Structure formats: structure tokens, C-alpha cells
Amino acid sequence: MKKMTKISVLILMMAILLMGCGKSDANKADTSLQDIKDKGSLVLGLDDAFPPMGFKNDDQEIVGFDIDVAKEVANRIGVELELTPISWDAKEQELATKHIDCIWNGFTKNADRESKMALSIPYMKNTQVAIVLTDSGINTLEDLAGKTVVLQNASTASDAMDQNEEFKNSLKELIKVDDNVQALMDLKVGGSDAVVMDEVVARYYVEKEQGTYKVLDTTLSEEEYVIGFRKGENALTEEVNKHLKDMAKEGLLAEISEKWVGKDLTIVE
Amino acid sequence: MSPEAILKLLQYMITASAMVGKIFFLTLLFSLPLGLLACFGRMSKWAIIREPVKLYLLIMRGTPLILQLFFFFYFPYYVIGTTLPRFHAAILTCSINYAAYFAEIYRGGIESMPKGQYEAAKVLGFNKSQTFIKIILPQVIKRILPPMGNEFMTLVKDTALVSVIGVAELYQLATDTMSQSASTMPLVMAGAFYLAMNIIVSKGFEFAEKKMSYYR
Amino acid sequence: MSVLSVKNLQKSFDNLRVLKDISLSVTSGEIVSIIGSSGSGKSTLLRCLNRLELIDSGEITVDGDTMVSTENDKVKYAESPVLKQIRMKTGLVFQNFNLFPHYNVLRNITEAPIHVAGISRTEAEAKAYELLDKLGLTDKAESFPYQLSGGQSQRVSIARALALNPKILFFDEPTSALDPELTGEVLKVIRSLKSLNMTMVIVTHEMSFAREISNRMIFMDEGVIVEDTTPEELFNSANERTKAFLGKFHDVIN
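The structure presented is a predicted model; accordingly, all values stated were derived computationally and were not measured.

*Asks:* So what about the sheet that holds strand E1 (residues 2-13) of chain C? Which residues, and what values?
*Replies:* All names here are of chain C. Strand order in the open sheet formed by five strands is E2-E1-E4-E5-E6, with antiparallel pairing between adjacent strands. Unpaired on one side and paired on the other, strand E2 (16-27) and strand E6 (74-77) mark the two borders of the sheet. Sheet twist, expressed as the average angle between the axes of neighbouring strands with direction ignored, equals 15°. Pairing of E1 with E2, which is carried by eight bridges, proceeds in the antiparallel orientation. Among the inter-strand pairings, Lys11 is bridged to a residue of E2, identified as Leu19. Of the strands in this sheet, E1, E2, strand E4 (57-62) and strand E5 (65-71) touch helix H1 (residues 42-49), which is tilted by about 115° from E1. Helix H2 (residues 80-89) contacts E4, E5 and E6 of the sheet and is inclined by roughly 125° relative to E5.

Here's what the structure looks like:
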């Protein structure tokens, strides 16, 4: 019996390991752009619960800043844009197993992602901020010493915390939940004292529930949003970059940003 | 949330509930017979059949369904270079997972049958399959109705897990709408839908138990 | 004519020898009772005769068909068509009735004739009603086993066995699970079968009944047949083991 358990655990671990390592197609010619054109669609993977970048409206249509931009880019490439809601935890798997062509959903640039994927030029700047209840009396990050902070699991908010060792260590506890709304709920019911999340997203909720939350002035980290493609698919990446630059020149990116975020946060030159 | 938004969401939830129903019925369609097969394998006198089946039952019941969903959707890509469509992968995983539980429930029912029933059937000349189909199975079904009711109700709720491989269903609809509206209302509504579906399931089992109560 | 013939039957469970070289024969129309204390092997013998246990060596022949034989220490059971034929010629009434709880009385009786013997439903039901009438159970045809008394259940199980028109009927302590006041009705039924010339082998503890109904009585002890004789001779036996066993039933006999 014991042996059986061991064997099954081993098999399971092997399987998970296998799931984790993708094939490397380093020697293959880069046909990524042609592939997209051939099949006539660009499949965009997103966590459709990430307002205002990509989310579902009351009519269950996926909308947002990223969606508007992606639609225009696909249009310019000459292909259809196909939106595929995925589990954010599984985004790397979705990309590696070719279920999606790109991750385009407030995807933050970092060193790890840079080494594992082909990334577009940064198109929007974002910061990690802390949100507290308006009447909490907390005004600075220092005020959060000995308090509890909650954030979304597998998000860059948790990376930002790692970069701010000192702040992180000053906390009593760091809680991770499944999504940002759950984090905000946790804050609202007193389960925690602050939420760390993307500024872009934070502004959406502060706007949504007027008077409930406030964003602390000090930011935890500066970061940039990029689009993630499969490693080696540079032709497709370059094509998207080209269209982003064009759209920036035409003022289209700024316009879309105004529409969803209320100001121009785009950084494409 | 505004009343209009709630009303709209209500309509979408009805559609999403149909998806839950689809997963529920398809999973049962495959897992109920597969479970019986696994049950026979588990009770086989040949170790070459019995032991692999035992391993299957152990793995399926011993690992989280959510992990199995990930596994069956993504893993085939690394082996054969392609994967099943999301919905198919979800049905496949739920089916082989639930078949494992059903197998053990069947086995419990079959092994609880008194030996005398087999002997009476044997001396009357019934062959093995007649004995099973005419004598044993009908009595087993009556005995396993309560634990089966448990599993059926759990399945309704477990359909919420398939969203991890991107299959849109009720729970995902609720959490997505929650993100967009920053309101917990969608969750409460989804809860009501799951409850309503399980009320139907439990009523169904109540009816079946009543139907079977003509004998003791 | 011999309906049942057993030669040199041996049966062990693990290392325990339960039946040691049993030989007996039953002729048509005969009623043979097997008595003996519990553990004497009489129930195991009956189970071997009905293939609920497989024997280790020996020979069993039912109505001319050899069920099992032994050559050079190798036990050989007949091919399945022969075994099936033998099955149809024998009936067994269990101590605990073993009725099918999910079928009503009528279906308990007709299920085997229809699906094993291949008789039409109409014919099977007609035969079942005839048997129920004979056994005084006509009004119970639609009842389910849980609605019957022990005596009624045992009578239904006798009807179920008779429905296949067996050549020989075995009873495994048919009244042991019944309250004393209910044994009478079952014994009465068995008596009525005697008048129909049914060949019967009855394992029982009902000494006076056995004495009254049997043509022959077999006393078994520790896996061997101690005596195989008429009731009169058995009850006047000089054998010490027989006397010791019957002594326990002294008050019943007189």
C-alpha cells in the first residue's frame, strides 16, 4: 500500500514536471507571423476579470483598454481577433500549448517573463499601489507596519512586495486571494488593512465605489505593461510593435487610454 | 449593482446554468457505466486487472479534481503535440474522476449483498450475467441511492472547477461579473442557482427512493 | 432407479476434512433424511450436491448424468450443458429461504422457469398459480417477501424450487430459521409432496418428523456416514454414536 502511494505520487510529480517544461523550437524558422495570417486569427488570452484592461460588461461582452487596442492591431495585421478567457494561473501553459497566441491583459514586464517569452515593447506604465479604506486613518506605507496586507495570487503585486523587503517585513501578515475584488472585499470587511494592486485597476474600483477606498500616494514599484508571445516568435512580436508605434503616432493609443483610464498612461514612442 | 444589470445577469446565469446541466449530464452519461466497469476490475480475481484499477482509483480519488483538469487539458500537448478542446477535456476529466467514486460505491453495494442471493440464483440455474442483472443490480441500486445522491450533488458543485481550463460556466460568470461590478451580488445569485439545481437533484433522489420502497 | 448416486466424496476446507469418503444413493420416490449434530458435515454434503461447494474427489451422478467424477486423483466436472441439465433436475430449499426481495411472490416463482427453462410467461404463471394453490398461498401471489411470515416465505421458496419440475428436491434445515409454531405448516407441505411421489433429501433436526416421513435415514458424524438405514432400525440402533446423538432428542422422540 505504502509503495503504491509512493509510486502514484512519483508519477504525478513527473507529470507535473513535464507540464512545466515546454519544448524548445530554437532551430525552427520563425513563421509566427505567417502562421497567424494563415489561420486568419490572433488568439488573445486574458483573465476577463481585470478591469479596465479586459473584463466583461453587463452584456457579458469582453471590453477594455487592451481589447480596443488589440482589435485595432489585429485589424491592421489583417486578421480576426479571437478572445479566449483563461485562468490567469494557467496563462503560461495556455501560451506554451498554443491554445492562445499571446497574453495581452495588463501583463507586467519582468526579468523572468523576459527570459521565457518574447515580449512586446512596453505600452503602458503602471505602478503598484496600496489601497486602504477612506476612514482608516492610514496615510502612508509606514502606517501599515504591523498590519495585514492582501493581494491577488500570482500577480505582479506579489513581486512588488518582494522588491520592497523592508515594507514586506514590517507587515504582520501577507494574505493572497484569487482575485482583486476578493482582496478589496477582504479589506472592506476588515479582514485586512490594505490591498496592493495595479494602479490602473485600483483607479477603476476607487471610481466604482466612490468614497470607500483611497489610494496611498507612495507607490511600491514602477512597472510596464507588455504583451507576451511564445519565445522565438519574434516576427509576430515585431509586427505588433510596429502597429503599436503607428497607433501612438496617430494619437490613437492616448485616445483609448483616455476612454478607459481617464488619462493617457501610454508610453509607446 | 443596478436592477437592470441584475436582470441582465439573471438571463446570462440561466444560460450558464444550462452549461452546468450539460457538464452534469454528460459526466454522468460516461462515468456511471465506466464506474461499473472499474468496479468489476476492482473486484477481479486477477491481480493483473485488479491492481492497475486500484491504482487508478487511488490516483483519481487521491488527487484534487482541479489538478486533474489542468493535467488532462495541458499534458497531452507535451506527449502528442495537441490537446482536446476545452469542453471535451472537462467532460473527460470529470467522467474519469467521478467513475472512480462511483466504482467504490457500486462495490460497497455489491459486497453488501447477502451470499444467499447469489446461491439462490445459482441453484435456480441463472447464469452469472442474469444473476447480476436480474437479482443483484436492482437490489444494489436501492442500497446505493443515498451515497449516489451525495455524489450527484457534489458533481453539480464541482462543475464550478472547469473554469480553470477556460470553460465558461456559472461560477466563472459570477466571479467575472463580481470583478466588473465590484459587488458580491453575482455570487449570491450563483449560489441560488446552484442550490436550485441541487434541490432538483435531491428531489429526484427522494422520488427514486420512494419508487424503490415497494420492497425491503 | 437411482436418481442420485454419490461415491467416495471427499471435501476439505483448508486442512479440515469435512467430508470423508461419503457414498450414498437415492432411488426415485424415496425420501431420505440426513441427521447429525452441527459440524457433522451434513450441510456441506448438501452444498456439494448442489455445486455450491466444489468437491476434492469422488463422483456425483444425478438422474443418469454425471456431474463430477474423479480419475487418477483428478476431479473433473462435466461440461456446462450437462451441468445446466443437472441444475434443472435438482432443487434446493434453503434454511433462510433466500427469496428475491425485489420480486413479488409470483415473480420469485416464475423468473427461473421463464429465463432459465425458457417456458412462456403464460405457462409459467399458470404453473405458479397451481403451485401456490397447492401450498395454500394463492392470496399471496402479489405480496413481496417482506410481507410474508417465515412459514409463508419457506413455502414460497419450496414453490420456487418446484416450479422447475425437479427430479429431486433438497432441503437444508428448512425449519431451523422458523419459530416453533411455524414449523408445522412447512412440514405439512413437505408431507404433501410425499404424496406426489417427489424424491427428497432432507437435512433436518426435526427427529420425529424425519422418522415419520422418511423411507431412509442417514446419520452423519464427523464427516462420515455412521448409519444409513430405515427409521425403525436407526431409532433402535445399537451403535454408540447413534445412541448418544439420539439421546439428546429423547424427549422429542417419545
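*Asks:* For the pattern of salt bridges, give the residues involved together with the corresponding values.
*Replies:* Counting across every chain of the model gives 39 salt bridges over all chains. Of the charged contacts, one joins A:Arg76 and A:Glu250 as a salt bridge, the two residues approaching to 2.7 Å between their closest N and O atoms. Taken together, the residues span a long stretch of sequence, with A:Arg76 in helix H3 (residues 65-77) and A:Glu250 in the loop between helix H10 (234-249) and helix H11 (252-261) at a distance of 174 residues. In this structure A:Arg76 comes out as partly exposed when scored by relative accessible area, which is 27%. Ionic pairing is found between B:Lys203 and B:Glu206, a salt bridge with its closest N-O pair at 3.6 Å. Of this pair, B:Lys203 and B:Glu206 both sit in helix H8 (residues 185-211), three residues apart, which is roughly one turn of the helix.

*Asks:* Account for the confidence of the model for chain C, with residues named and values stated.
*Replies:* As a note on interpretation, predicted positions should not be read in detail where pLDDT is low. Of the residues in chain C, 98% reach a pLDDT of 70 or more, and the chain-wide mean stands at 91. Reported confidences for the modelled complex are a pTM of 0.82 and an ipTM of 0.91.

*Asks:* Report on unusual backbone geometry, specifying residues and quantitative values.
*Replies:* The omega torsion across A:Pro51 and A:Pro52 is 0°, close enough to zero to call that bond cis. In this fold, A:Pro52 is placed in the loop between strand E2 (49-50) and strand E3 (54-56). In this structure, A:Gln60 takes a positive phi of about 60° despite not being glycine. Residue position: A:Gln60 is located in the loop between E3 and strand E4 (62-63). The class for A:Gln60 is buried, based on a relative accessible area of 16%. The phi dihedral of C:Glu173 is positive, around 45°, even though this residue is not glycine. Structurally, the position occupied by C:Glu173 is in the loop between strand E8 (168-172) and helix H6 (180-194).

*Asks:* Give me the lowdown on the interface of chain A and chain B, citing residues and values where you can.
*Replies:* Contact residues are listed per partner, giving 39 residues for chain A and 35 residues for chain B. Counting the surface lost from both chain A and chain B, the interface buries some 3,300 Å², and carbon and sulfur atoms represent 63% of this. Here chain A is connected to chain B by three salt bridges. A salt bridge links B:Lys8 to A:Asp59, with the nearest nitrogen and oxygen atoms 2.9 Å apart. Those elements that provide at least two residues to the side of chain A that touches chain B are helix H1 (2-20), E3, strand E5 (80-85), helix H4 (91-96), helix H8 (180-188) and helix H9 (199-208) of chain A. Ranked by residue count, the leading element in the side of chain A that touches chain B is H1(A), at seven residues. Grouping the constituent residues of the side of chain A that touches chain B by class yields 18 nonpolar, eleven polar and ten charged.

*Asks:* Requested: an account of the packing of aromatic side chains, with residues and values cited.
*Replies:* By the definition in use, this model includes 23 aromatic pairs over all chains. Site record: aromatic cluster; members linked through ring pairs are B:Phe24, B:Phe25, B:Tyr98, B:Tyr101, B:Phe102, B:Phe152 and B:Phe205. Above the plane of the ring of B:Tyr215 lies B:Lys142, whose end atom (NZ or CZ) is 4.7 Å from the centre. Its end group placed over the ring of C:Phe235, C:Arg211 keeps NZ or CZ at 4.4 Å from the ring centre.

*Asks:* Got a sec to walk through the nonpolar core? Specific residues and values, please.
*Replies:* Inside soluble globular proteins, nonpolar side chains tend to come together where they are buried. Residues B:Met13, B:Ile165, B:Leu170, C:Leu4, C:Leu9, C:Leu45 and C:Ile60 are the most contacted members of the largest nonpolar core, which totals 106 residues. Take this core: its biggest share by element is 13 residues, from helix H4 (residues 86-111) of chain B. Filtering out sequence-adjacent residues up to four positions away, C:Leu9 remains in contact with C:Leu19, C:Lys20, C:Asp21, C:Ile22, C:Leu45, C:Cys48, C:Ile55, C:Ser57, C:Gly58 and C:Ile60. A:Val150, A:Val177, A:Ala183 and A:Tyr225 belong to the second largest nonpolar core, which has 56 residues in total.

*Asks:* Any details on the pairing of strand E9 (residues 199-203) of chain C? Residues and values, ideally.
*Replies:* All names here are of chain C. Of all five residues that make up E9, five are buried, and the element is covered over most of its length. Side chains Thr199, Val201 and Val203 of E9 all project onto a buried face; the interleaved residues Met200 and Ile202 project onto the opposite face, where all are buried too. Alignment of strand E3 (residues 31-35) against E9, held across four bridges, turns out to be parallel. When the sheet's bridge partners are listed, Ile34 is paired in E9 with Val203. In this sheet, E9 lies alongside E8 in parallel orientation, the contact comprising five bridges. Looking across to E9, one finds that Asp172 is bridged to Val203. With H6 bridging E8 and its parallel neighbour E9, the resulting β-α-β unit is right-handed.

*Asks:* Describe the UniProt feature "domain: Solute-binding protein family 3/N-terminal" (unreviewed entry) in chain A, and please don't skip the residues or the numbers.
*Replies:* As annotated in UniProt, the feature "domain: Solute-binding protein family 3/N-terminal" (unreviewed entry) corresponds to residues 41-264 of chain A in the numbering used here. The annotated region residues 41-264 of chain A carries 38% helix and 30% strand content, and the separation between its end C-alpha atoms amounts to 29 Å.

*Asks:* Mind laying out a nonpolar patch on the surface, listing which residues take part and the relevant values?
*Replies:* Residues and elements named next belong to chain B. On the surface, Met1, Met185 and Val188 cluster together into a nonpolar patch covering about 240 Å² of accessible area. Mapped onto the secondary structure, Met185 falls in helix H8. Given a relative accessible area of 33%, Met185 falls into the partly exposed group.

*Asks:* So what's going on with the pairing of E6(C)? Residues and values would help.
*Replies:* Residue and element names in this part refer to chain C. As paired elements, E5 and E6 share four bridges and run antiparallel to each other. Bridged to Ser69 within E6 is Lys76. Counting the residues that bridge the hairpin from E5 to E6 gives two residues, and of these Asn72 lies at a positive phi of roughly 50°.

*Asks:* Hey, could you go over the UniProt feature "domain: ABC transporter" (unreviewed entry) in chain C for me, with residue numbers and the actual values?
*Replies:* Those residues carrying the UniProt feature "domain: ABC transporter" (unreviewed entry) are residues 4-247 of chain C in this numbering. Across residues 4-247 of chain C, helical content stands at 37% and strand content at 29%; the span's end C-alpha atoms are separated by 30 Å.

*Asks:* Quick one: what's the story with the interface of chain B and chain C, residue by residue and with numbers?
*Replies:* Taken together, the contact between chain B and chain C spans 19 residues of the former and 23 residues of the latter. Between chain B and chain C the total buried area reaches about 2,100 Å² when both faces are included, carbon and sulfur atoms providing 63% of it. The largest contributions to the chain B side of the interface with chain C come from B:Val123, B:Leu124 and B:Lys134, which together make up 31% of the buried area. For the pair chain B and chain C, the number of links is two salt bridges. Seen at the junction of chain B and chain C, the total is twelve residue pairs in polar contact (both at pLDDT 80 or more). Listed by contribution, the elements that provide at least two residues to the side of chain B that touches chain C are helix H5 (115-123) and helix H6 (128-158) of chain B. When residues in the side of chain B that touches chain C are grouped by element, the largest group, eight residues, is from H5(B). Considering only residue class, the side of chain B that touches chain C consists of nine nonpolar, five polar and five charged.

*Asks:* Break down the arrangement of the chains for me, citing the residues and quoting the values.
*Replies:* Taken together, the two pairs of chains in contact show their highest number of contacts between chains A and B. There is no contact between chain A and chain C; across them, the least C-alpha separation is 27 Å.

What counts and how
- Residues numbered from 1 in each chain as written.
- Chains lettered and ligands numbered in written order.
- Predicted model: local features only at pLDDT ≥ 70, side-chain atom pairs only at ≥ 80, totals over all residues.
- Heavy atoms only, no water.
- Pairing = 2+ DSSP bridges.
- Helix = DSSP H or I, 4+ residues; strand = E, 2+ residues; numbered from the N terminus.
- Axes fitted to C-alpha atoms, helices over the stretch in contact; angles between N-to-C directions.
- Contact = heavy atoms within 4.5 Å.
- Salt bridge = Lys/Arg side-chain N within 4 Å of Asp/Glu carboxyl O.
- Buried < 20%, exposed > 50% of the residue type's maximum accessible area, 1.4 Å probe, protein only.
- pLDDT = per-residue confidence, 0-100.
- Buried area = accessible area lost by both parts, 1.4 Å probe.
- Nonpolar A, V, L, I, M, F, W, Y, C, P; charged D, E, K, R; others polar.
- Phe/Tyr/Trp six-rings, centres within 6.5 Å; stacked < 30°, edge-to-face > 60°.
- Lys NZ or Arg CZ within 6 Å of the ring centre and 35° of its normal.
- Core = buried A, V, L, I, M, F, W, Y, C linked by side-chain atoms within 4.5 Å.
- Right-handed = clockwise from strand over helix to strand, strands pointing away.
- UniProt positions renumbered as here; feature names shortened; annotations may be inferred.
- Patch = residues over 30% accessible without salt bridge, like charges linked within 9 Å, V, L, I, M, F, W, Y side chains within 5 Å.
- Areas by Shrake-Rupley, 256 points an atom, 1.4 Å probe, with all protein chains shown as cover.
- Polar contact = N/O pair within 3.5 Å; in protein donor to acceptor, adjacent residues only side chain to side chain.

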